[in-house]
Amino acid sequence: MKTVVQLKLSFLLFFGLLNTGLKAQEASSENLMATFIYNFTNYVEWDKPSSDSVFNIVILGDGKLDKPLQYIASIKMVGQKKIRIIQSENQSAPDQCDLLFVPEAQIELLENYNSHFPEHQTLIISATENGLEKGAMINFTNLDGKIGFEINHTAIRNQGLKVSSRLLKIAVKVI
Amino acid sequence: MFKRIRKSVKNKIIAIQLLTSLVMLSVFLVVYFVIEIKDYRTTLMSELDALSEVISYNAVPAIAFNDREEAERLLRSMDQYEGMKYIQLIDTQGEHFASFPADDTNRHKRINFDRGIFNFNQGEINYTQAIIENGEIMGYLFIQLEIDLIYRKLFNMFLVTSFVFLIGIIISFLLANYTQKAISKPIMELKETFDHIMETKDFSIKMTKRSDDEIGRLYEGFNEMADAIEHYRNNLEGLVDERTKELKKSNEQLQEATRAFEDMNFALMNEINDRTKAEAELKESEEKLRIIMQTMDEGVTVYNQKEIKYVNSAFCRLLGYEESALTGYPTEVISRQIIHPDDYENVNNAAEQCLVLEKLERMEYRYVRSNGEIIWVSGIPALIPWGNEKAIIATVVDITNHKKAQEELQKAKEAAESANQAKSAFLANMSHEIRTPMNAVLGYSQILQRDENLSEKQLQYINSINKSGEHLLALINDILDMSKIEAGRIKLIPVSFDLYALLDDICELFNLKIAEKDIDLQIHIQENVPRNILADDGRIRQVLINLIGNAVKFSSKGIINIDLVLRSDSLLAVSVSDQGPGIPAEMLDVIFEPFEQTEKGINTAGGTGLGLAISKKIADLMGGSMIVESQLGIGSTFTFSFHYEPAGIGQPKRTTNESRILSVDSASLPINVLVVDDKSHNRNIIKEMLEPLGFTCKFAVNGKEAVEQFKEWNPQLIIMDIVMPVMDGREATRQIRNMPEGKKVVIIAVTASALDEERAEILTLGVNDFVRKPFKMNDLLESIRLHTGIKYNYLHLKDKESEIEKQTISTDEILRQVDSKLRNQLLRAANLGDISLLMQLITEIRNQYPELAVYLTKLVDSFDFETLINLIEESEKQTS
């Protein structure tokens, strides 16, 4: 119960003033993760984006993050770009993708995507145990009900992306 | 203590310097303190800004990813900051996110951002700053510092400034003590020297000058003063004597002034008495004046533009008001009340002119009395001073009765004028009616005169009829002229003419008469008199004939001078001077009145007595004058002046040839004449006049017939009557002139109308000339000659004149043979103009002297009493 309250507070901390619609919804780890995913875009720099006008976020799997991310896309922008959320249920990723979220159920597919986007840079985020070892660059953790994240700095650098030291500073673990 | 300071210069100097230092140090330290605090606050603010910037930058990821541990770790690192009491991160909702120390009492404390980002609270310094990332507020940073931090700072500053202040006071005291000695010591020395001089009265003791400053100059001044006192003491006695003398002298002057004052006082008293007496006299005079004003019959009022100042009893009686109802009231109100509304503007304007322009004029106007009765008054204004103002004093006299009489007189005058005009109209009509039958009388007599078959007696009768007719015509013309003048109907008809020729022409008329007397007629024309002028030649001729005729008539010998002079650019004057019997002085004023004649004139010349009256009226009408100067036994001078305008060349001169026309020259024949007249006798007269001379005549009885005759016959000349039935002469002339062949025909209008304006109107119809009925045969023939260009054969009358002359001479001889008694009776009858008596006396002579009787009858028939009288008088002289 304490965890639920904490998550709700976190969500409202960022969006309470912006969206009264979501405020009424029950806060969840999906809402918090969607918020974190958007916040990552403020601390990571893409030199080769997939598009000059749209920031593409691709979500694989059951689509639990789809609704909160769609809401964020409707009120926020990444730099000067609008956000487009692409839900991919058929396990195949589209051609354009700046940020790929891979849920725990689809983690096995991650290997296939590591080299899937040679034309541009893609930040891959997972939410599973040992996600970094399986190829994710940022992986959500849950320690005593508190949502955190760990970073594979090497993988990010290899992709050509630049990450802020301030993000690294608050990561649970950096490898 | 203050008493001590006041008594000592030394203490005053020290006190002043210490006080000055104290004030200066205090001001300096207060300013220093304020500046320091302000600087400290600015510095503190800058530090907090920098600190909050660092914390905000590092706290943003922790807030973004909800990492409170990281946030608290960051805040904890601020622990070593001096004075830091509490630091907190707050979310955008104003809720606690993280703090240091992690104090539960502050965890739920909401910050009031309205209090500003930096403020001093009780015992605390609060600072609030928004955390902004990418232009978006992420949360707020709240910092609380201990106030003791500032207190410590202030205490340290106080210690420093107090120390500085104390040191400053000590230094200031030492300096004051030193400087006062330089001033107070010389003063004390001066005081001691002064005391010594006062004690010993020795003014020779002097101060020794040690410096050139103010003290040195004070010493010099003291020494000079001591010298002056010593000198003054030495001269004091002399001065006392001198002052005593001056005082005595002043005393004497004072006594003298007192006496003069007493004299002046006496004179003043006398003057006051005189003035009192004068005032009493003035009062008495004023009282007399008041009584005079109140008792006089004329109304008197004094007023100015503002109010009525005074009215006398007569004025009140005149208007029926009490004095109290008029005086003191506004002038405009009273004026509108008492002055008749129709006269108000005039009286008001006159009053303004009187006050402003000092233009004083008597006025007649109407008052409305209190009972509504309207009275006429005559007001005479005068301007007088009234106090400091100017006022009008008006003397008002009731002239109502006079005015009524005047109105009645005016009415009577108008009635008389009206009657006079009616009379003139009557005369004019009557004269017209007389002239018409006269045409027949004169016309036929003229025709008969030309008949060679007549016996001498018949010719004599015919001549008599003709002369009588002409005399009657002249009389009618004079009466008509007079009536026209009186009716204002006479009009001048200016034409261009030769003035010199006119004068010659007139003089020629009198050649025969002057030849019968011992008279010479001389004309003198001033060099600058224009020859051709624009004026009414007919009227000038009329006046000159009258004047010269009179001169010839009344002169039996001597010279008649005719002087023509230029009076001004537009005024000519003709003077006719004779050496006749002269006019008595009492008659000079009346000879120009109608029907007034001198006794001599009545006895001698007969006439209507209208000639001079008409001449005078004509002169007036022509903008000139008629003046007579005369002395009994010496002669008379009549001067006729008239206005003229310069003109070009004069009109062709009508011949004054008095020769008889025998016939039309054969070279000019044939001449066809259409005679148009509705009256048969008029047609016959013209026929009888013209046909014997060679003219061929046809006749028409009205205009219509004339037009038809003209078409058929096409004559060279038409003699056209104007007033006719069916179609008058005007219309007939117009129609004939409109025909192509009607342009050349000569038309001479003949009418009995005597009006000049009608003549002008008829001439505009297109007729060539205008002959007035009854006309002289020669006038008509002359007009025909002028316009047709034909020539006549004449019988010159000069032979006849010589015959008359011879006859006069022989008559003179025969008359001397007549009985002197009969001659005297003839003379008396001639002087009286008694024609019947004359004819009776001539009948008595006829048997014995038939030639003389015929001659005398001729003279009587022609009313030539003058020749008759001269003839008898001459024979009387020669007989005696």
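Now for a quick tour of the structure. As the structure is a computational prediction, the values presented were derived from the model and not from experiment. (Residues numbered from 1 in each chain as written. Chains lettered and ligands numbered in written order. Predicted model: local features only at pLDDT ≥ 70, side-chain atom pairs only at ≥ 80, totals over all residues. Heavy atoms only, no water.)

## Concerning the nonpolar core
The test is simple: Take the buried Ala, Val, Leu, Ile, Met, Phe, Trp, Tyr and Cys residues and link them wherever side-chain atoms come within 4.5 Å; each set so joined is a nonpolar core. Relative accessible area decides the class of each residue, using a 1.4 Å probe on protein chains only: under 20% of the type maximum gives buried, over 50% gives exposed, and in between gives partly exposed. The helix and strand labels rest on DSSP assignments: H or I over at least four residues marks a helix, E over at least two residues marks a strand, and numbering proceeds from the N terminus. Note on contacts: a residue pair qualifies if any of its non-hydrogen atoms lie within 4.5 Å across the two residues.
Among the nonpolar cores identified, the biggest contains 81 residues, and A:L123, A:F140 and A:F149 are the most heavily contacted of them. Of all the elements, helix 2 (residues 9-64) of chain B adds the most residues to this core, at 10 residues. Here A:L123 is in contact with A:V44, A:W46, A:D98, A:L99, A:L100, A:M137, A:I138, A:I156 and A:L161, once residues within four sequence places are set aside. Membership of the second largest hydrophobic core comes to 48 residues, among which are B:F497, B:L503, B:V552 and B:M626.

## Examining a nonpolar patch on the surface
Residue and element names in this part refer to chain B. Heads up, the condition is: What makes a patch is a set of residues exposed beyond 30% relative accessible area and free of salt bridges, joined within 9 Å when like-charged and within 5 Å when nonpolar (Val, Leu, Ile, Met, Phe, Trp, Tyr). Accessible surface is estimated by sampling points in the Shrake-Rupley manner with a 1.4 Å probe; for residues, cover comes only from the protein chains shown. Whenever Lys or Arg places a side-chain nitrogen within 4 Å of a carboxyl oxygen from Asp or Glu, that contact is recorded as a salt bridge.
A contiguous nonpolar surface patch, about 500 Å² in accessible area, is contributed by L19, L22, V23, V27, V31 and I35. Looking at where L22 falls in the secondary structure, it is placed in helix 2. The class for L22 is partly exposed, based on a relative accessible area of 33%.

## Some thoughts on the interface of chain A and chain B
Stated precisely, the cut-off is as follows: Residues adjacent in sequence count toward polar contacts only when both atoms are side-chain atoms; beyond that, a polar contact is any pair of N or O atoms within 3.5 Å, and within protein one must be able to donate a hydrogen and the other to accept it. In this count, Pro and Cys sit with the nonpolar residues alongside Ala, Val, Leu, Ile, Met, Phe, Trp and Tyr, while Asp, Glu, Lys and Arg are called charged and the others, Gly among them, polar.
At the interface, 17 residues of chain A touch 20 residues of chain B. On inspection of chain A and its partner chain B, the count reaches 4 salt bridges. One salt bridge connects B:E69 with A:K146, and the closest N-O pair in it is separated by 3.0 Å. Linking chain A to chain B there are 5 residue pairs in polar contact (both at pLDDT 80 or more). When its residues are assigned to classes, the side of chain A that touches chain B shows 9 nonpolar, 4 polar and 4 charged.

## Details of the packing of aromatic side chains
Note the threshold: To pair, rings of Phe, Tyr and Trp, with the six-membered ring standing in for Trp, must have centres within 6.5 Å; the planes then decide the type, stacked if under 30 degrees apart, edge-to-face if over 60, and tilted in the middle. Two limits define a charge over a ring: the Lys NZ or Arg CZ must be within 6 Å of the ring centre, and within 35 degrees of the ring normal.
According to the stated counting rule, one finds 17 aromatic pairs over all chains in the structure shown. Measuring from centroid to centroid gives 5.1 Å for A:F40 and A:F149, while their planes differ by 85 degrees, and the two rings are edge-to-face. Here A:F149 lies in strand 8 (residues 146-151) and A:F40 lies in helix 3 (residues 29-40), a separation of 109 residues in the sequence. For the pair formed by A:F40 and A:F149, the shared burial category is buried. Between B:F194 and B:F222, the ring centres sit 6.4 Å apart and the planes meet at 65 degrees, which makes this aromatic pair edge-to-face. With B:F194 in helix 5 (residues 148-200) and B:F222 in helix 6 (residues 214-295), this pair connects stretches of sequence that are 28 residues apart. In this structure, A:R166 packs its charged tip against the face of B:Y57, placed 4.0 Å from the ring centre. When the ring centre of B:W376 is taken as reference, the NZ or CZ atom of B:K403 above it lies at 4.4 Å.

## Structural notes on the pairing of strand 6 (residues 123-126) of chain A
Residues and elements named next belong to chain A. Applied cut-off: Here a strand pair is declared whenever DSSP counts at least two bridges between the two strands.
Of the two faces of strand 6, the one lined by L123 and I125 and the one lined by I124 and S126 are each fully buried. Summarising the sheet, strand 5 (residues 99-102) and strand 6 pair through 4 bridges and their orientation is parallel. If you follow L99 over to strand 6, its bridge partner there is L123. Taken together, the 2 bridges between strand 6 and strand 7 (residues 138-143) define a ladder with parallel strand orientation.

## Notes on the sheet that holds strand 17 (residues 635-643) of chain B
All names here are of chain B. What counts here: Axis lines are fitted to C-alpha atoms, over the contacting stretch for helices. Their N-to-C directions set the angle, which ranges from 0 to 180 degrees.
Strands sit in the order 12-14-15-17-16 across an open sheet of 5 strands; the sheet is mixed. Since the sheet does not close on itself, it has two edges, and those belong to strand 12 (518-525) and strand 16 (625-631), each with one partner. Along the sheet, successive strands turn relative to each other by an average axial angle of 15 degrees, direction set aside. As defined by bridge partners, strand 15 (residues 571-577) adjoins strand 17 across 7 bridges and the pair is classed as antiparallel. Counterpart to A573 in the pairing with strand 17 is S641. Across the face of the sheet, helix 12 (residues 499-509) comes into contact with strand 12, strand 14 (557-568) and strand 15 while running at roughly 175 degrees to strand 12. Strands strand 12, strand 14, strand 15, strand 16 and strand 17 of the sheet are contacted by helix 14 (residues 537-554), whose axis makes an angle of about 175 degrees with strand 17.

## Looking at the environment of B:A382
Here B:A382 is to be found in strand 9 (residues 374-386). Discounting chain neighbours no more than four positions away, the residues touching B:A382 are B:L360, B:A391, B:I392 and B:I393.

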